[in-house]
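Read off the chains here:
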Amino acid sequence: MTEDKKMSCYWWYEAPPRPAPRASWASATDVAIIGCGFTGLSAALTLARAGREVVILEKNLIGEGASTRNGGITSGNIRLSSRQLARRFGPERAQTFIDESVAARADLERFIEENKINCDYQPVGRIVGLMGSFSSQTMERDHNKFAERYNIEPRLISKSEMAEYTSSKKYEAGIHRPDIGGIHPAKLLHEMARLAIDAGVKIYSKTAVTKIENHKTTFTLTTTQGKITAQHLISATNAYTDQAQPWLRRRLIPVISEMIATEKLGTNRVRALIPKLNMFGESKQLGHYYRPSPDGRRILLGGRRMHKQESFAKQRLHDGLTEIFPELKDTKIDSYWRGFVAFPFDQLPKLAVHKGIIYPSGFCGSGTVWARWLGQKAAFMILGEAAESAFKNLPMMTLPLYSGDPWFLPLAMSYFRLRDRLSVSTK
Ligand SMILES: Cc1cc2nc3c(=O)[nH]c(=O)nc-3n(C[C@H](O)[C@H](O)[C@H](O)COP(=O)(O)OP(=O)(O)OC[C@H]3O[C@@H](n4cnc5c(N)ncnc54)[C@H](O)[C@@H]3O)c2cc1C
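Remember, it's a predicted structure, so these values are computed and weren't measured experimentally.

The helix and strand tally for the protein chain stands at 11 helices and 16 strands. Relative to a compact globule of 427 residues, whose C-alpha radius of gyration would be 22 Å, the protein chain shows 21 Å and is just as compact. Dimensions of the protein chain, computed from C-alpha atoms along their principal axes, come out at roughly 65 × 50 × 45 Å. Looking at the protein chain as a whole, 58% of its 427 residues qualify as buried. For the protein chain, the share of sequence-separated contacts (at least 6 apart) that also reach a separation of at least 24 residues comes to 75%. Working note: accessible area of the protein chain is about 18,800 Å², and carbon and sulfur atoms make up 52% of it.

Here's what the structure looks like:
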């Protein structure tokens, strides 16, 4: 494994990264996909089930990217609020983004059910803890509109009622979303790989793409195992995009996201902290997200890295946990791990095409839903099927002199931290 040996991803104990089954080298294929995370596997599975010949090229082992390191919360968030979207795109087009987030989340649930995927899916709902001031009237109005349109009922939970959901006193109130749940991300990923292989996809692990040549109707990829030509190419490398794809690297900001898992607390103690075993988020830009482990015995908590220093990262997350649950002050942390999430400059996921390459990318830390959905849409584009998406053909911006190393990130983090301190709670 290429990752820091000190890191111990909780999900990898049960479902560790693994090599692809041995397969003879294919020097030509209909579709080549770079990257074997949720995005690449979703595209591959859709294409192979439609009868296409598909090859996935993965630099590391299967399940070594962000897809198996994540919190497993099926949030499908869009970082811009509906008001921000409306200001940028007008109210009608703004609605299409929200429509798609609801459809994408439901599609993940359908996918898990239809394929009988054992990934500890728990449709337990997610609560966003609100801090600071907020307008309950505006929220109630927004929730009513949402319920009317989607038949899903978000609910404002008062401070006193919050005790039914959490022992934490940190929040002024909460928003409950019943359509968001939790999965075991590494189990989901390996199940998707199994389905893809069963459908005829060839996966080559430990095979890095080092060069992409774009001819008129084909692509030639140079890899560490040999060359391969393809009629179509999907890039599914996201936050792990390297020098082989300078165009994409210039358009994504890789941000460290990191997590801890507590020692075993036992089911009674976890239920005392989170009685209904919900997923949790916080209303701040740099807030934490947390959840019980699927077996209900531990708490897993994550957040964005705000400091450059690697040391104390685990301690900082533990401090965050203790701020929420002071009773966990002396609890040991069994696992700490980190990974990268990809942000486009405008903070909206993308289904972009550049020089014939399709780029489902930039999920802003909510790829459990978006990666699978937009990977599938990329496949539909090749199949000539309905690939409509609000995220298609949005411009992918960059900055002058930016080459993929986000030197400005500490400044941006300080800005968000300040905004959080001054913020009036919710969007
Ligand atoms: C700590 C953490 C917590 C998170 N929590 C959540 C959460 O709770 N909910 C949620 O929705 N999302 C969460 N996310 C985000 C989510 O995990 C990602 O958005 C999603 O997994 C992206 O999937 P992907 O397939 O696009 O990328 P990845 O899974 O990262 O796959 C990209 C792959 O491309 C490969 N690659 C790169 N370059 C090359 C090359 N040159 N040749 C061949 N292969 C290459 C990499 O090795 C990698 O395996 C979290 C992420 C992290 C890191």
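The next point concerns helix α9 (residues 313–324). Here α9 spans 17 Å end to end across 12 residues, near enough to the 16 Å set by a 1.5 Å rise per residue. Of the residues making up α9, those classed as buried are A313, L317, H318, G320, L321, T322 and I324. Of the surrounding secondary structure, the elements contacted by the buried residues of α9 are β10 (252–262), β11 (279–282), β12 (289–292), β13 (299–304) and β14 (333–344).

Right, let's get into the nonpolar core. I33 and L188 are the most contacted members of the largest nonpolar core, which has 60 residues in total. Elements with a contribution of two residues or more to this core: β1 (28–34), α2 (38–49), β2 (54–57), α3 (82–89), α4 (91–114), α5 (136–150), α6 (185–198) and α10 (367–383). With 10 residues, α10 is the single largest residue contributor to this core. By size, the runner-up hydrophobic cluster in this structure holds 23 residues, among which are Y171, I274, L317 and F325.

A separate point is α5. A rise of 1.5 Å per residue sets the reference length of α5, with its 15 residues, at 21 Å; its end C-alpha atoms lie 21 Å apart and thus fit the reference within 8%. Looking at the buried side of α5, the elements it contacts are α4, β3 (126–130), β4 (155–157) and β5 (173–177).

Glancing now at unusual backbone geometry. As a rule of thumb, non-glycine residues mostly have phi less than zero, and peptide bonds are mostly trans rather than cis. Phi at N151 takes a positive value of approximately 60°, unusual for a residue other than glycine. Within the secondary structure, N151 sits in the loop between α5 and β4. With a relative accessible area of 69%, N151 lands in the exposed category. You will see that N238, though not glycine, has its phi angle at about 45°, which is positive. With respect to the helices and strands, N238 occurs in the loop between β9 (227–235) and α7 (246–249).

Now for the site of the ligand. In the vicinity of the ligand lie 38 residues, with T39, E58, S67, G71 and N238 positioned nearest. Contacts to the ligand include F38, whose backbone N or O atom sits 3.0 Å from an oxygen atom. Residue V209 places a main-chain N or O atom 2.9 Å away from a nitrogen atom belonging to the ligand. For the ligand, whose free accessible area comes to 1,000 Å², the fraction covered by protein is 97%. Breaking the shell around the ligand down by element, the ones donating at least two residues are α2, β10, β14 and α10. A breakdown of the residues in the shell around the ligand according to their chemical character gives 16 nonpolar, 18 polar and 4 charged.

Bringing the pairing of β1 into the picture now. Extensive coverage of β1 is indicated by the burial of 6 of its 7 residues. Alignment of β1 against β9, held across 6 bridges, turns out to be parallel. Across the sheet, residue T29 finds its bridge partner in β9, namely A230. Pairing of β1 with β2 involves 4 bridges; the strand directions are parallel. Residue pairing across strands places I34 opposite L57, the latter belonging to β2.

A separate point is the side chain of S101. Among the secondary structure elements, S101 is positioned in helix α4. Residue classification places S101 among the buried positions, given a relative accessible area of 6%. The contact partners of S101, leaving out residues within four places of it in the chain, are G76, I78 and W370.

Let's shift gears to the packing of aromatic side chains. This structure, assessed with the given rule, holds 14 aromatic pairs. Relative to F391, the ring of W370 has its centre 4.9 Å away and its plane inclined at 65°; by these criteria the two rings are edge-to-face. Taken together, the residues span a long stretch of sequence, with W370 in helix α10 and F391 in the loop between α10 and α11 (409–422) at a distance of 21 residues. Here the two residues W370 and F391 agree in accessibility, since each one is buried. Clustering of aromatic rings is evident, with ring pairs tying together F89, F97, W370 and F391. Just above the ring of Y165 sits the side chain of K276; from NZ or CZ to the centre is 5.4 Å. One cation-aromatic arrangement involves R372 over F111; the distance from NZ or CZ to the ring centre is 4.5 Å.

Along the chain, the position of I274 falls in the loop between α8 (267–273) and β11. Separated by 81 residues in sequence, I274 and K355 have C-alpha atoms that sit 49 Å apart.

Another aspect to go through is the pairing of strand β15 (residues 350–354). Note that β15 and strand β16 (residues 357–361) share 5 bridges and pair antiparallel. Pairing of V353 across the sheet is with I358, part of β16. Where β15 folds back on β16, the antiparallel hairpin that results is connected by 2 residues, among which K355 adopts a positive phi of roughly 50°.

The rules behind these values
- Residues take numbers from 1 onward in each chain, read along the sequence in its written order.
- Only residues with pLDDT of at least 70 are given local features in this predicted model, and only at 80 or more are side-chain atom pairs given and counted; all residues enter the totals for whole chains, interfaces and linings.
- Think of the side-chain values as coming from all heavy atoms in the structure, minus any hydrogens and water.
- Helix and strand labels come from DSSP, where a helix needs a run of H or I of at least four residues and a strand needs a run of E of at least two; each type is numbered from the N terminus.
- Just to be clear, the radius of gyration here is over C-alpha atoms, and the globule rule we use is 2.2 Å times residues to the power 0.38.
- A simple rule labels every residue: compare its accessible area, found with a 1.4 Å probe on the protein chains alone, to the largest value its type can have, and call it buried under 20%, exposed over 50%, or partly exposed in between.
- Contact definition: two residues touch when any of their heavy atoms are within 4.5 Å.
- Computed by Shrake-Rupley with a 1.4 Å probe, the accessible areas treat only the displayed protein chains as cover when residues are assessed.
- Helix span, expected: 1.5 Å multiplied by one less than the number of residues in the helix.
- Nine residue types can take part in a nonpolar core, namely buried Ala, Val, Leu, Ile, Met, Phe, Trp, Tyr and Cys, and a core is a set of them joined through side-chain atoms within 4.5 Å.
- In this text, near means that some heavy atom of the residue lies within 4 Å of the molecule or strand in question.
- Pairs of N or O atoms are called polar contacts if they sit within 3.5 Å, as long as, within protein, a hydrogen donor faces a hydrogen acceptor (for residues adjacent in sequence, only side-chain-to-side-chain pairs).
- The classification used treats Ala, Val, Leu, Ile, Met, Phe, Trp, Tyr, Cys and Pro as nonpolar, Asp, Glu, Lys and Arg as charged, and all other residues, Gly among them, as polar.
- The rule for pairing is simple: two strands pair if DSSP sees at least two bridges between them.
- Here is the rule: rings of Phe, Tyr and Trp (six-membered ring for Trp) pair when centre to centre is within 6.5 Å. Planes less than 30 degrees apart are stacked, more than 60 are edge-to-face, and the remainder are tilted.
- In this scheme, Lys NZ or Arg CZ marks a charge over a ring once it lies within 6 Å of the ring centre and within 35 degrees of the ring normal.

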